[in-house]
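Single-letter residue listing:
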Amino acid sequence: LFIVALAVDLYRGKSATTRDEAHELSRGLPQDRGVRDLKAALDYLAARPDVKADKIGSTGWCMGGGYSIQLALAEPRLAACIINYGALPTDAAAIAKIKAPVLGNFGADDRGIPPASVHAFEEAMKAAGKSIDAKIYDGAGHAFENPNNQSGYRPDAAKIGRAHV
């Protein structure tokens, strides 16, 4: 058994060396183009002979977590979706399109994606009959799984979050 993984270059060759540059790149990425690139990546993986096309999932952190759920909204072939403190959809019609089971890891102290937003998403998913497992970690803020987050890294919560994947 082996796993095939693909990291999609949503910035198409551009990279950042500072936090400000990274923020600028993420803000400049058109969402529709990002989703199209992710769908193309799914097509690429599904066409590979060493990949089971019905077992492809997505995962992401922060902006990537938001794109993971956006791919689930746009792509019914997706078999699983993991969101690590990413933006969540709220529209019931959009949520109805999700076919993949969703796992979400969030920090209780995240001001950008507060627990109330996570609970609202979880309720909307359940109301639509969708599979959702949302975890909220006490004492953790945004980017709590990132060891480069010097003030906010929570190794215990990150370890637990990884165990649920």
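To be clear, the structure that these remarks concern was listed above.
Residues numbered from 1 in each chain as written. Predicted model: local features only at pLDDT ≥ 70, side-chain atom pairs only at ≥ 80, totals over all residues. Heavy atoms only, no water.

S.K.: Just to check I follow, could you spell out the packing of helix 2 (residues 31-47) against helix 3 (residues 63-74) for this structure?
M.R.: Between helix 2 and helix 3, the least distance of the axes is 10 Å, while the angle of their chain directions is 70°. Regarding the angle of helix 2 to helix 3, the classification is roughly perpendicular. Along the contact surface, helix 2 presents Q31, G34, V35, L38, K39 and L42, while helix 3 presents Y67, Q70, L71 and A74. (Axes fitted to C-alpha atoms, helices over the stretch in contact; angles between N-to-C directions. Helix = DSSP H or I, 4+ residues; strand = E, 2+ residues; numbered from the N terminus. Parallel < 35°, antiparallel > 145°, perpendicular 65-115°, else oblique. Contact = heavy atoms within 4.5 Å.)

S.K.: What am I meant to see in the pairing of strand 1 (residues 57-61) here?
M.R.: In regular strands, side chains alternate between the two faces of the sheet. Along strand 1, the buried face is formed by S58 and G60; none of G57, T59 and W61, which line the opposite face, is buried. Taken together, the 5 bridges between strand 1 and strand 2 (residues 80-84) define a ladder with parallel strand orientation. Counterpart to G57 in the pairing with strand 2 is A80. (Buried < 20%, exposed > 50% of the residue type's maximum accessible area, 1.4 Å probe, protein only. Pairing = 2+ DSSP bridges.)

S.K.: It is not clear to me how unusual backbone geometry should be interpreted in this structure. Could you clarify?
M.R.: Note on backbone geometry: most residues besides glycine have negative phi, and most peptide bonds are trans. The residue R12 is not glycine, and still its phi comes out positive at about 50°. Mapped onto the elements of the fold, R12 is located in the segment before helix 1 (19-28). A positive phi angle is found at C62, which is not glycine, with a value near 55°. As for its placement among the helices and strands, C62 is situated in the loop between strand 1 and helix 3.

S.K.: Any chance you could explain a nonpolar patch on the surface here in plain terms?
M.R.: Taken together, L6, V8 and Y44 make up a surface patch of nonpolar side chains, about 250 Å² in accessible area. Taking the relative accessible area as the measure of exposure, V8 reaches 30% and is therefore partly exposed. (Patch = residues over 30% accessible without salt bridge, like charges linked within 9 Å, V, L, I, M, F, W, Y side chains within 5 Å. Areas by Shrake-Rupley, 256 points an atom, 1.4 Å probe, with all protein chains shown as cover. Salt bridge = Lys/Arg side-chain N within 4 Å of Asp/Glu carboxyl O.)

S.K.: Looking at this structure, I do not really get helix 3. What am I missing?
M.R.: Residues spaced three or four apart along an α-helix face the same direction, because each turn holds 3.6 residues. Helix length check: helix 3 (12 residues) gives 16 Å between terminal C-alpha atoms against 16 Å at 1.5 Å per residue, within 8%. Within the span of helix 3, buried status applies to G65, G66, Y67, S68, I69, L71, A72 and L73. Elements in contact with the buried residues of helix 3: helix 2, strand 1, strand 2, helix 4 (92-95), strand 3 (102-107) and helix 5 (115-127). (Expected span 1.5 Å × (residues − 1).)

S.K.: Just checking my understanding: could you explain the pairing of strand 4 (residues 132-137) for this structure?
M.R.: Of the strand pairs in this sheet, strand 3 and strand 4 are connected by 6 bridges, and their pairing is parallel. In the sheet register, V102 faces strand 4, and the bridge partner there is I132. In this view, the connection linking strand 3 to its parallel neighbour strand 4 by way of helix 5 has right-handed handedness. (Right-handed = clockwise from strand over helix to strand, strands pointing away.)

S.K.: Could you clarify how one ought to interpret the pattern of salt bridges in this entry?
M.R.: Close approach of charged atoms allows side chains with opposite charge to pair. Tallying each qualifying case throughout the model produces 7 salt bridges. A salt bridge links R36 to D32; the nearest nitrogen and oxygen atoms lie 3.3 Å apart. Here R36 and its partner D32 are both found in helix 2, 4 residues apart, which amounts to about one turn of the helix. Of the charged contacts, one joins D133 and K135 as a salt bridge, the two residues approaching to 3.2 Å between their closest N and O atoms. The class for D133 is partly exposed, based on a relative accessible area of 33%. For K135, a relative accessible area of 23% corresponds to the partly exposed category. Because the salt bridges share partners, they merge into one network encompassing D43, E75 and R77.

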